[in-house]
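# Chain and residue survey
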Amino acid sequence: MAHIELPEFEQMSPAIQEKALPILEKTGKLGDIFKLLAVDEKVYFATDMMVQNYLLNQTTLSYDIKEAIALLVSVENGCKMCVDVHKSIAKMLGLSEEKIEKILEGVEAVDTDEKGKALLRFCLRASQKDSYKILKEDIDALKELGYSDVQVLEAVAITGYFNYINTLSNVFGLGQ
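My aim in this report is to walk through the structure given alongside it, one point at a time. (Residues numbered from 1 in each chain as written. Predicted model: local features only at pLDDT ≥ 70, side-chain atom pairs only at ≥ 80, totals over all residues. Heavy atoms only, no water.)

Of note, N166 is situated in helix α9 (residues 149-171). Within the local environment of N166, its side chain forms a polar contact with the side chain of S74, the two groups lying 3.1 Å apart. Leaving out residues up to four positions away in the same chain, N166 has contacts with V73, S74, N77, C79 and C82. (Helix = DSSP H or I, 4+ residues; strand = E, 2+ residues; numbered from the N terminus. Polar contact = N/O pair within 3.5 Å; in protein donor to acceptor, adjacent residues only side chain to side chain. Contact = heavy atoms within 4.5 Å.)

Side chains carrying opposite charge are able to pair once their charged atoms draw close together. If you walk through the whole model with that rule in mind, you get 11 salt bridges. The closest approach of N and O atoms between R121 and E108, which form a salt bridge, is 2.7 Å. With R121 in helix α7 (residues 114-126) and E108 in the loop between α6 (97-105) and α7, the pair connects residues that are 13 residues apart, well separated along the chain. In this structure R121 comes out as partly exposed when scored by relative accessible area, which is 33%. The exposure class of E108 is exposed, given its relative accessible area of 52%. Its salt-bridge partner being D140, residue K136 comes within 2.8 Å of it at the nearest N-O pair. (Salt bridge = Lys/Arg side-chain N within 4 Å of Asp/Glu carboxyl O. Buried < 20%, exposed > 50% of the residue type's maximum accessible area, 1.4 Å probe, protein only.)

Within the fold, V152 resides in helix α9. Assessed through its relative accessible area of 6%, V152 is described here as buried. Linking V152 and M92, residues 60 residues apart in sequence, is a C-alpha distance of 25 Å. Sequence-distant contacts of V152, that is, excluding residues within four places in its chain, are made with F122, I139, L142 and Y147.

Here α9 is 23 residues long and its end C-alpha atoms lie 33 Å apart, about the 33 Å a rise of 1.5 Å per residue gives. Positive phi shows up at G173, right after α9, with a value of about 65°. (Expected span 1.5 Å × (residues − 1).)

This brings us to the nonpolar core. The tendency in soluble globular proteins is for nonpolar side chains to be buried as a group. Counting residues in hydrophobic clusters, the biggest one holds 51 residues, and the most contacted among them are I33, I69, L119, F162 and I165. At the level of elements, α1 (14-27), α2 (32-37), α3 (41-56), α4 (63-76), α5 (80-92), α6, α7 and α9 are the ones that each hand at least two residues to this core. Once residues within four sequence positions are removed from consideration, L119 is found in contact with L61, I65, L142, Y147 and A155. (Core = buried A, V, L, I, M, F, W, Y, C linked by side-chain atoms within 4.5 Å.)

What follows deals with the packing of α1 against α3. Contact geometry of α1 with α3 gives a least axis separation of 10 Å together with a crossing angle of 40°. Viewed along their axes, α1 and α3 adopt a mutual orientation that is oblique. Seen along the crossing, α1 lies across α3 with a hand that is left-handed. Touching A15, I16 and K19 of α1 are E41, Y44, F45 and D48, all from α3. Residue classes in the contact of α1 with α3 are distributed as four nonpolar, no polar and three charged. (Axes fitted to C-alpha atoms, helices over the stretch in contact; angles between N-to-C directions. Parallel < 35°, antiparallel > 145°, perpendicular 65-115°, else oblique. Left-handed = near helix turned anticlockwise from the far one by under 90°. Nonpolar A, V, L, I, M, F, W, Y, C, P; charged D, E, K, R; others polar.)

Take a look at the structure:
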């Protein structure tokens, strides 16, 4: 049970209801994170823009890597609800149950090459409160592996997004 009262569809603003209706029609329910974000229209639409631009749209990083970042950061942050949601999303994007379980075991178990693992290790490090200790040399090491500035920025933005959404979920007791 969430730590605050979450709005039902009828209590949401018309603009958010417009976004919620297709989800309701497709799945029959709205998740607690959707309801939490719907408490404040500004927060909802800012968050939705991040989801659309970094997670749902095709970008410079593969869906496999983006979902691996989502799952690994969510595990690191102890966000059970986010892990459960992203296990389902990863399946919808075509990741096998076996591949998802490997991701949940940690970076070294992930079914990717050393280049991919280096990016995932970097993202986990970037998700920590001492991320200010990351140096230019750390980013240069990723670039030497073939990552572009855009890809590194995107990976860090996705990492930051999951720190943000994990914090919201954990603070407000979603999925408990």
